[in-house]
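Structural characterization, general
Chain residues, written in single-letter form:
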Amino acid sequence: TLAELILGESEPDGGSVSRVRSLRMGHLPQELSRLPDTTVMSLALTGRPELLKVKRKIDETLEEMSAAGSSRAKELAPVHGELMSRYEALGGWRVDADAESILLGLGFKEADFHRPVRELSGGWAIRAALARILLMEPDLIVLDEPTNHLDLMSQVWLEEFLKSMAASIVLITHDRTLLNNLVTRIAEVEGERVTVYSGDYDSYHEQKQVHLAHLMAQEKKRQERIEALKNFIMRNRARKDRARQVQVRLRELKKLEEEGPPPAQRAQAATMTLPEPPRGPKVVAGLKGIGHGYGREPVVEGVEFTVFRGEKVALVGPNGSGKTTLLKIIAGLIQPERGSAKTGEGVKVGYFSQNVLESLNPNNTVFDEAATVAGDLNRGQIMSLLGSFSFPGDEVKKKVSVLSGGEKSRLVILKLLLEAPNLIIMDEPTSHLDIPSRRSLEEALVAFSGSLVLVSHDRRLIDRVVKKVAVIENRRVELFPGNLDDYLRIWKSPKPSGEAGGTRPGAERVSRRETRREKARTRQALAEAKRPLRDAVNGLEARLEELTGELDRLNHRLSSPETYSDPELMAGLSKRAKEVRAEMDRLTKRWEDAALKLESMEKTGARSLKEV
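Residues numbered from 1 in each chain as written. Predicted model: local features only at pLDDT ≥ 70, side-chain atom pairs only at ≥ 80, totals over all residues. Heavy atoms only, no water.

1. Digging into the overall build of the chain
As a reminder of what qualifies: Helix and strand assignments follow DSSP, with helices taken as H or I runs no shorter than four residues and strands as E runs no shorter than two, numbered in order from the N terminus. Think of it in three bands: residues with accessible area under 20% of the maximum for their type are buried, residues over 50% are exposed, and the middle band is partly exposed, with areas taken using a 1.4 Å probe on protein chains only. Only heavy atoms matter for contacts: two residues are in contact if any of them lie within 4.5 Å across the pair. Using a 1.4 Å probe, the Shrake-Rupley method yields the accessible areas, and only the shown protein chains count as cover for residues.
Helix and strand counts for the chain stand at 20 helices and 14 strands. Residues classed as buried in the chain amount to 43% of the 612 residues present. Pairs at least 24 apart in sequence give 70% of the contacts found in the chain among residues at least 6 apart. When the accessible surface of the chain is totalled, it reaches about 33700 Å², and 50% of it is carbon and sulfur.

Written out as structure tokens, the structure reads:
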């Protein structure tokens, strides 16, 4: 509603809206009301209407010059020259290149440039509309959830592009990474009011918590004062000598009760306690030589992918690269055409996708639906968990049939976590979630002790939760240690091109000197990233060597006849030997994980240096 007021699409019931005269505004809605009857490139170019108008006049003038006689052509020549100068001043010679660069950056391929927009899905049509706005270079851009339909690399590209623009930006989004990297103020709409906070999202969240604490303190004082007034009135109502004081306090009580409490705040997820999943095997899931497609075209080919106990992995790739297909193969929902997919013995899989929302019983209340999988949890514990997933108080009495898409998503995710699987597979779990719900999900997944394979466009969620990134590229999967931020900083080119291949308009080819500098920066980043892993490997090897020596000495003493004659000594040595073996098993697992990450990092780093 506020965006419509800013754009002039709605008029306020009260108050006024002022705009700078001749303000050029660009607006990206969440959904397009109708798809334009034009191609992707033509739609993007409509962002420069004045330029298109000059181009039409140039074409008309040239046509008239070629059809007219020489005298008329001479008369039109100065007009043509002026039009050409105007065309050049408006950037006409580079507009096609700018449009192509933007479209590539948003994930389009060159083959898509001349496709009719009507043939595109809703998400791709929104991208084409966004390209038009970016090419327009307006004074003010109003963007409503611009990253909803973008893959991760296109999100990064868009963020860099918006940073480089001179336009003012009004942004409606649940993308906390975009908010942190782009905005300087946040206007929060709550309880029919707008409160403006300075800074990015994290700064807003900190200020908000201080503000909430202040409100809660005020509410506590209000309740204490109400209780004191009620006690005074009850004690003195019948006394004639206190009638005036009672009336004064009655007026104060009425005023305090009319004020009411501050707007209800959703419960925070900090105290969330979920059932502990059973300990899974060392190898939770494994894909070997996986190939799968739809029709003649393979989506993935030759995929080798292993998920170990306790690992949290994000599957990353452009839209249509096969992420959902691989998730379904790991979950056992589809059988691959080639290769084998196995889960370890004792693995309990929990799978989330938007389709599972229909599994909810529409006749149940929110509480009853959660209780179906709550096991031994009591009512208070279930209520607490529902509160942490933004179902406070009487919200738990709502019927499932009246829930929104976001509310259903929250309920399905909570049910999945309550079932305590030791392997969770999630496909875009935040699609319908608001920011408080995304924070709740983050806290739950951070605390989760099992394994996780995640596909999400929420960069903040990935960075908070995962420790490994699996990138789908050219139908194969490659693993990188760290979170998404590590991948983008260390392994992926820092230029905002991403998988889409787009570059900022006007970018020039990097010189040889810059290439050498880039290689040096890459080597430095690689060395810094490898150092803690190498130190960990060396430290673990040294400790394992110490424990091996100690175990050898213990075994030697345990095999001595003198030890048999002393039962107390025998018991002590046996206990210590058992402890040493347990510690060696634990450290060996850590050494294997660290060595694997180091090997992967060195392999990928060598390739990155080669590509620079």
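Once the structure has been displayed, the description carries forward.
2. Examining the confidence of the model for the chain
Applicable threshold: By definition, pLDDT measures how confident the predictor is in each residue, and it falls between 0 and 100.
On average, residues of the chain score 83 in pLDDT, and 88% of them reach the 70 mark or higher. The low-confidence segment residues 265-271 (pLDDT under 50) makes 13 contacts with residues lying over four places distant or belonging to another chain. In the predicted structure, residues 494-511 sits below a pLDDT of 50 and forms 35 contacts with residues beyond four places in sequence or in another chain.

3. Quick word on the packing of aromatic side chains
This is how the line gets drawn: Under the pairing criterion, centres of Phe, Tyr and Trp rings, with the six-membered ring standing for Trp, must be within 6.5 Å; the plane angle then separates stacked pairs below 30 degrees from edge-to-face pairs above 60, leaving the rest tilted. The rule for a charge over a ring is simple: NZ of Lys or CZ of Arg within 6 Å of the ring centre, and within 35 degrees of the ring normal.
According to the stated counting rule, one finds 5 aromatic pairs in the structure shown. Considering the side-chain rings of F108 and W124, the 5.0 Å spacing of their centres and the 65° angle between planes classify their relative orientation as edge-to-face. One end of the pair, F108, is in the loop between α5 (92-105) and α6 (122-136); the other, W124, is in helix α6, with 16 residues separating them in the sequence. Clustering of aromatic rings is evident, with ring pairs tying together Y197, Y201 and Y204. Over the face of the ring belonging to W124 we find R127, whose NZ or CZ atom lies 3.9 Å from the ring centre.

4. Re the side chain of D151
Put simply, the test is: Think of a polar contact as two N or O atoms within 3.5 Å of one another; within protein, one of them needs to be a possible hydrogen donor and the other a possible acceptor, and neighboring residues in sequence only count if both atoms come from side chains.
Take D151: it is sitting in the loop between β2 (140-144) and α7 (152-164). A polar atom in the side chain of D151 sits 3.2 Å from the backbone nitrogen of M153. There is a polar contact of 2.9 Å between the side chain of D151 and the backbone nitrogen of S154.

5. Details of unusual backbone geometry
Of note in this structure, S22 is not a glycine but carries a positive phi near 55°. Structurally, S22 is set in the loop between α1 (2-7) and β1 (25-28). Overall, S22 belongs to the exposed group, its relative accessible area being 67%. Residues other than glycine seldom take positive phi values, yet S390 does so here, at roughly 65°. Position of S390 among the secondary structure elements: in the loop between α13 (379-388) and α14 (405-418). According to the relative accessible area criterion, S390 is buried, its value standing at 2%.

6. Here's the deal with the sheet that holds β2
Let me state the cut-off plainly: At least two bridges found by DSSP between two strands is the condition for calling them paired. Every axis corresponds to a line fitted to the C-alpha atoms, with the helix fit spanning only the stretch in contact, and the corresponding angles, defined between N-to-C directions, vary from 0 to 180 degrees.
If you trace the 3 strands from one edge of the open sheet to the other, you get β1-β2-β3, paired in parallel fashion. This sheet does not close on itself; its edge strands, each paired only once, are β1 and β3 (168-172). Ignoring strand direction, the axes of neighbouring strands in this sheet form an average angle of 10°. Of the strand pairs in this sheet, β1 and β2 are connected by 4 bridges, and their pairing is parallel. Among the inter-strand pairings, H27 is bridged to a residue of β2, identified as V142. Across the sheet, α6 lies against β1 and β2, angled at about 165° from β1, the strand it touches most.

7. Comments concerning the side chain of R127
Looking at the element boundaries, R127 is found in helix α6. Taking the relative accessible area as the measure of exposure, R127 reaches 1% and is therefore buried. Those residues in contact with R127 that lie beyond four places of it in its chain are L106, G107, F108, H149, L150, D151, S154 and N319.

8. As for the pattern of salt bridges
Opposite charge on two side chains makes pairing possible when the charged atoms of those side chains draw close. What counts is decided by this rule: Whenever a carboxyl oxygen of Asp or Glu lies within 4 Å of a side-chain nitrogen of Lys or Arg, that contact is scored as a salt bridge.
In the structure shown here, the tally under the stated rule is 39 salt bridges. With a shortest N-O distance of 3.4 Å, E443 and R464 are connected by a salt bridge. Of this pair, E443 sits in helix α15 (residues 435-447) while R464 sits in helix α16 (residues 459-465); the two residues are 21 residues apart in sequence, bridging distant segments of the chain. Here E443 falls in the partly exposed class, since its relative accessible area comes to 32%. Of the residues examined, R464 reaches a relative accessible area of 33% and is grouped as partly exposed. With a shortest N-O distance of 3.1 Å, D485 and R489 are connected by a salt bridge. Of this pair, D485 and R489 both sit in helix α17 (residues 484-491), 4 residues apart, roughly one helical turn. If you follow the salt bridges from partner to partner, you end up with R176, R438, E442, E443, D458 and R464 in one network.

9. Here we look at the packing of α6 against α7
Defined as follows: Just so you know how the angles are binned, under 35 degrees is roughly parallel, over 145 roughly antiparallel, 65 to 115 roughly perpendicular, and the rest oblique. Left-handed is the label given to a crossing in which the near helix is rotated counterclockwise from the far helix by less than a right angle, and right-handed is the label when the rotation is clockwise. Gly falls in the polar group here, along with every residue not listed as nonpolar (Ala, Val, Leu, Ile, Met, Phe, Trp, Tyr, Cys, Pro) or charged (Asp, Glu, Lys, Arg).
Across the interface, α6 lies against α7 with an axial gap of 12 Å and an inter-helix angle of 20°. Classed by the angle they form, the pair α6 and α7 counts as roughly parallel. Relative to α7, α6 is oriented so that their crossing is left-handed. Contacts between α6 and α7 involve R127, L130 and L134 from the first element and S154, W157, L158, F161 and L162 from the second. The residue inventory of the contact of α6 with α7, partitioned by class, reads 6 nonpolar, 1 polar and 1 charged.

10. Some points on a nonpolar patch on the surface
Applicable threshold: Each patch is built from residues lacking any salt bridge and having more than 30% relative accessible area; the joining distance is 9 Å for like charges and 5 Å for nonpolar side chains (Val, Leu, Ile, Met, Phe, Trp, Tyr).
On the surface, L2, V189, V194 and V196 cluster together into a nonpolar patch covering about 350 Å² of accessible area. Relative to the assigned elements, V196 resides in strand β5 (residues 193-198). Overall, V196 belongs to the partly exposed group, its relative accessible area being 49%.

11. Topic: the packing of α5 against α7
The geometry of α5 relative to α7 is characterised by a closest axis approach of 9 Å and an angle of 135° between their N-to-C directions. In terms of axis orientation, α5 runs oblique to α7. Packed against α5, whose contacting residues are S101, I102 and G105, the element α7 presents S154, W157 and F161 at the interface. Residue composition of the contact of α5 with α7, grouped by class: 3 nonpolar, 3 polar and no charged.

12. Some details on the sheet that holds strand β10 (residues 349-352)
Taken in spatial order, the 6 strands of this open sheet run β10-β11-β12-β8-β13-β14, and their pairing is mixed. Each edge of the open sheet is held by one strand with a lone partner, namely β10 and β14 (476-481). Recorded for the sheet is a direction-independent mean angle of 15° between the axes of neighbouring strands. Both strand β11 (residues 423-427) and strand β12 (residues 451-455) contribute to a ladder of 5 bridges, which runs parallel. Residue pairing across strands places M426 opposite L454, the latter belonging to β12. Each of β8 (312-316), β13 (468-473) and β14 touches α17; the most contacted strand, β14, lies at about 95° to it.

13. A word on the pairing of strand β7 (residues 297-308)
For a regular strand, the rule is simple: side chains alternate between the two faces of the sheet. Pairing geometry for strand β6 (residues 283-294) and β7, over 8 bridges, is antiparallel. Across the sheet, Y294 pairs through a bridge with E297, a residue of β7. Hairpin remark: β6 followed by β7, antiparallel, with 2 residues in the connecting loop; positive phi at G295, about 80°.

14. Considering the environment of D37
Tracing the chain through its elements places D37 in the loop between β1 and α2 (40-45). Through-space distance from the C-alpha of D37 to that of E119 is 9.9 Å; in sequence the pair is 82 residues apart.

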